[in-house]
Each structure stands twice: as structure tokens, then as C-alpha cells.
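Commentary on secondary and tertiary structure
Listed here are the chains, written in short residue letters.
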Amino acid sequence: MGLQEEISRRRTFAIISHPDAGKTTLTEKLLLFGGAIHVAGAVKSNKIKKTATSDFMEIEKQRGISVATSVMGFEYGGHKVNILDTPGHQDFAEDTFRTLTAVDSVIIVVDAAKGVEAQTRKLMEVCRMRNTPVIVFINKMDRPSKHPFDLLEEVEEELKINVRPLSWPIGNGPSFQGVYNIFEQNLNLFEASKQTLGESISFADINSSELEGYIGDDASAVLREEHEFVEGVYPEFEVEDYLAGNLAPVLFGSALNNFGVNELLDCFLKIAPKPQASNTDLREVKPEEDKFSGFVFKIHANMDPNHRNRIAFVKICSGKFERNKNYLHVRQGKNFKFSSPTAFMAEKKSIIDEAFPGDIVGLPDSGNFIIGDTLTSGEKMSFKGLPSFSPELFRYIENDDPMKSKQLAKGIDQLMDEGVAQLFTSSFNGRKVIGTVGALQFEVIEHRLAHEYNAKCRYEPINLHKACWIRSENAAQLADFKKRKHQYMAKDKQGRDVFLADSSYMLQLAQQNFEDIEFHFTSEF
Ligand code: G4P
């Protein structure tokens, strides 16, 4: 098969949701349908139990398992499907943001009873920034749910995207009877079953009196009325609108009961985009180009504390990646070749000879890569779109064992390269500040410094509201700002200027008083 065919048949995506909406269940069902796994429960273990915020065994287990489940590839209907796993725990949201830079589309799972929740809203902002096409799967229809029209309105308002239902639920909870597939014009009747697939009944004319025979008089009347309303209110589904990121098709179902999952997978394969072009600091890179290029979006440290090997996950953006071929590590300006690149097929890892755009390869690494690094066949360009986001929680990090300061510095350095958290060094007093998205990261850092680097850290509180990257064309104003706010200035790991505002009021005031200064809440601008 040639490069073009390999690209055309690839679909690389992520499933995102608020914890508990059913992401793990849906992932597992897609893998079951794809024939990639044969028993339920294989993916299930890839979760930190939400209650166990301090359970390090769970964190360790998660880290171990998540190497295997970071990418779940499988073949289905001639397609190579790559599902990129995103951590369920919201404290690891930054990992999820970065994973979203490596996908071409997204499936959003929404709990039919709870509607759109906070985490989903946040992740959708990242999709919107990148115009990533999204499909919405409204899950748990077997439970008492919100009304479908209310859910659609909520998705539209909260996720700020137009919607178009492609299927329509018949009742919900105890009265849930199935869905009418508007896209395919067939009826899928629900059976509460975790193993079998329901047959779909072709039903081109919803007004046919046969409908009553399947779902009864009342449900038929409601379905016809709602269907008419849907067709009247929502415009025709246009794939182009979906691909442009302007319209989200919506499907209903119950992942736990295998209901609606097959339809979702079929619809996904029909409409989801193949690998798309990516931006670099020089130019746009198209997957079809024959020269290889890719970027590191995730680094995973090895579980074994005696070997500090890591795996760098590289998304292939163009051309064919080949084993044992020399590639340029652009940031370091050095050539590297990789003798054991790894591909991930469901639960299995295997060494591969080649990989194509849309694929993810795992490269064993002894500390050469940081997140965002670009590999090319020689061209000196760097992929864009992997920003750090302004953290939400901050603490000073101090050395708690004077004999181990070197180990601590190395440990912090490497954990930051891995993207566990962000480090800011105060320009005022030289103290190091760790910024994270969630509280759990502080525990992870402390634990990993102790176990992997034999170093001991201690945290001290710091009262901070936001860290923002600043820039200005007005050099005089910038210098003045830095002088006046000296005690609030810091450098990030790349040496860029960061303003540490201790309250939203202070930030507002700074924005008002220094009009020529740009305050950025992501590191890429
Ligand atoms: P997450 O990855 O998004 O956090 O969610 P996950 O799939 O773990 O699902 C969260 C809970 O919701 C699980 O129950 C799961 O069984 C249940 N669930 C998922 N899909 C459906 C559905 O379609 N209908 C119903 N009724 N429940 C669903 P749990 O009790 O938290 O976990 P477990 O003990 O079942 O593993």
C-alpha cells in the first residue's frame, strides 16, 4: 500500500469527557467492536479511582498501564483506527490538552442525566482553538435523563458549537426503548444487555404504522412529533460543517449496554477526518509529503526506578517513519536513529519497521526529548500548537535534604520536561515555584522525586492567582513594568518572562495600567 492509501485509511482521535460520563466504558466497547480486545475489563483498570487521591500504588499502577493504553490502535473495516487515551482524572487535564494536539478529531461523551460538565467545557475550548471536529455521544440513556432537546440546547450553549442530532432517543431510563437513527433511517431497539448487539430495523418512513408495533402508540406519537421538530429546526447535516469544527453531530446511546456504540463507530468512520496538515514555525506540513516529520506530545517515564528510560510518544505528521534511519532532532541540532520504535495495538506493544501519518510511535529515550520537540528528515522547523497553559495551583518547592540537591535539581528538571508541571524561577528571590493544574501533581512530584531520584522536597505555600506570559513591542513600557513589578516577575523553564499575579484585581490593574503589554495565558502566542 502506498503512502496516500495509508494516510487515507487512518483515523486518529481521542475520547474526552467529564470523569464518570463513560469514557472508559465507551473506549472499551469500541475496542471490543473493533476486535482489538476480547474481554471487557481490559481498559477499565486504566483509571485512578477518584477517591484515592493519595493512593500512590494506584498512581504507579496507572503509570504502568497507561504506557500500554496510551494509544490503542486497531484495524476495522479497512481503517486503521488510533484512539489516544486521555487521563480521566481532572488533575491531569494538561496531559489531555497535549494529547488533543495529536488527534484529528474527538468524540465527546456526555452523561444524559448530568448534561455538560465542567471538565468537558474546558476540553472543548482546546478543540475550538484548533477547530477540531467533534462528535457528541450522549451516554447512559438507560438511566433517567434530561430531555433530549434540553441536552442539545445545553451542548450548544455550553460547548459553543452548533449541533445536529443524527439519532433520536425513544424515551429514557426505565422507559428507554431505543433510538431512531436519522442518518441511516433505521430503528434500533434497546435490550439491556452487556454482550449482544441489537439488530437494526430499516425504517425509511417514520410515519409507517409498523412503528406502533415496535414501540407502542404513545412512544410512536412522541417520536414522530419530535422527529418532525428536529427536521424542522436543525439544518441538514453537512459533513463540511463538521470537518470545519462548526457543527457537532450528536448520537444517543448507552455504552455500558453496547447500545449505540456500533452506530457511533460506523458514523465516525464515515465522516471523521483522515490525518490533517500541521503548522510549524516555517510552514504548513501536509501528511502526504514524502519526507518524514513528527513531534513529541507526551513523555512517559519508565516505572523501573533503576533505569531512567523514558518513552517519547511521537505523532507522525508527514511521510513515512522508518526504523534505524537518521532523523534530525531540531532543538538539539543532532541526528538520531531509533532501533526499537514501538507501536501500540490495543494491549500489545511491538517493535515496528515503519509508521505513517496519524500513527503514534513510542521512542525509547534516555533524556533527549522534551514535550514539543520536533523530528524531521533534515528540515529545521518546529511544530507549533503545544502550549503550556497557565497553571491554577502554585507552591514553592524547597530542598529537604541538603545532601541531595543535585538529585533534586535533576529530578525537577526531568519531571518538568515530561510535562508533569511547570517551573517558574522568581526573578526577585530566586526561589522555585511549581505550578500545576491539579493538587494531585504535587503529590506525584514529591513521590517520584523520592522514588526515582532519591531526593526529598518540601512545599511551602505561595499566594498566587495566575501566571501569565508577557510580551510587548514597547520596550520602555516592558522595562518599566518589570522594574515596578520586580517582586512578581519570574522566568519559565525556557527563560521567558512570566508575571505572577497574586489576585485577579492585581492582574486587572496591571492590564489597565500597562496598555502596551500583552498578557498571555498560554505559552504559545
Ligand atoms: P469515565 O471513564 O468517563 O470516568 O467513566 P466510566 O466509563 O468509568 O463510567 C463511569 C460509571 O458509569 C461506571 O460505573 C460505568 O459502569 C457507568 N456507565 C458507563 N456507561 C453507562 C451506561 O450507558 N449506562 C449506565 N447505567 N451506566 C454506565 P461505576 O459504578 O463507577 O464503575 P464500575 O463499578 O461499573 O466499574
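Residues numbered from 1 in each chain as written. Predicted model: local features only at pLDDT ≥ 70, side-chain atom pairs only at ≥ 80, totals over all residues. Heavy atoms only, no water.

As for the pattern of salt bridges
All chains considered together, the criterion is met by 38 salt bridges. Salt-bridge contacts for Arg458 lead to Glu460; the nearest nitrogen and oxygen are separated by 2.5 Å. Given a relative accessible area of 32%, Arg458 falls into the partly exposed group. Overall, Glu460 belongs to the partly exposed group, its relative accessible area being 27%. Each member of the salt-bridge network shares a partner with another, and the members are Glu6, Arg9, Arg10, Glu75, Lys80 and Asp359. (Salt bridge = Lys/Arg side-chain N within 4 Å of Asp/Glu carboxyl O. Buried < 20%, exposed > 50% of the residue type's maximum accessible area, 1.4 Å probe, protein only.)

Considering the pairing of strand E22 (residues 360-365)
Two faces belong to every sheet, and in a regular strand the side chains alternate between them. Within E22, five of the six residues are buried, leaving the element largely enclosed by the surrounding structure. Of the pairings in the sheet, the one linking strand E15 (residues 310-318) to E22 comprises six bridges and is antiparallel in character. Pairing of Val314 across the sheet is with Val361, part of E22. (Helix = DSSP H or I, 4+ residues; strand = E, 2+ residues; numbered from the N terminus. Pairing = 2+ DSSP bridges.)

Considerations on the confidence of the model for the protein
Looking at the protein as a whole, its pLDDT mean stands at 88, while 89% of the residues score no less than 70. Every residue in residues 45-54 scores below 50 in pLDDT, and together they form 21 contacts with partners more than four places removed in sequence or on other chains. (pLDDT = per-residue confidence, 0-100. Contact = heavy atoms within 4.5 Å.)

Description of the environment of Gly319
Summarising the element assignment, Gly319 is placed in the loop between E15 and strand E16 (321-322). Accessibility expressed as a relative area gives 0% for Gly319, which makes it buried. Placed 27 residues apart in sequence, Gly319 and Phe292 show a C-alpha to C-alpha distance of 4.1 Å. If we ignore the near neighbours within four places in the chain, the residues touching Gly319 are Leu3, Pro287, Glu289, Asp290, Lys291, Phe292, Ala355, Phe356 and Pro357.

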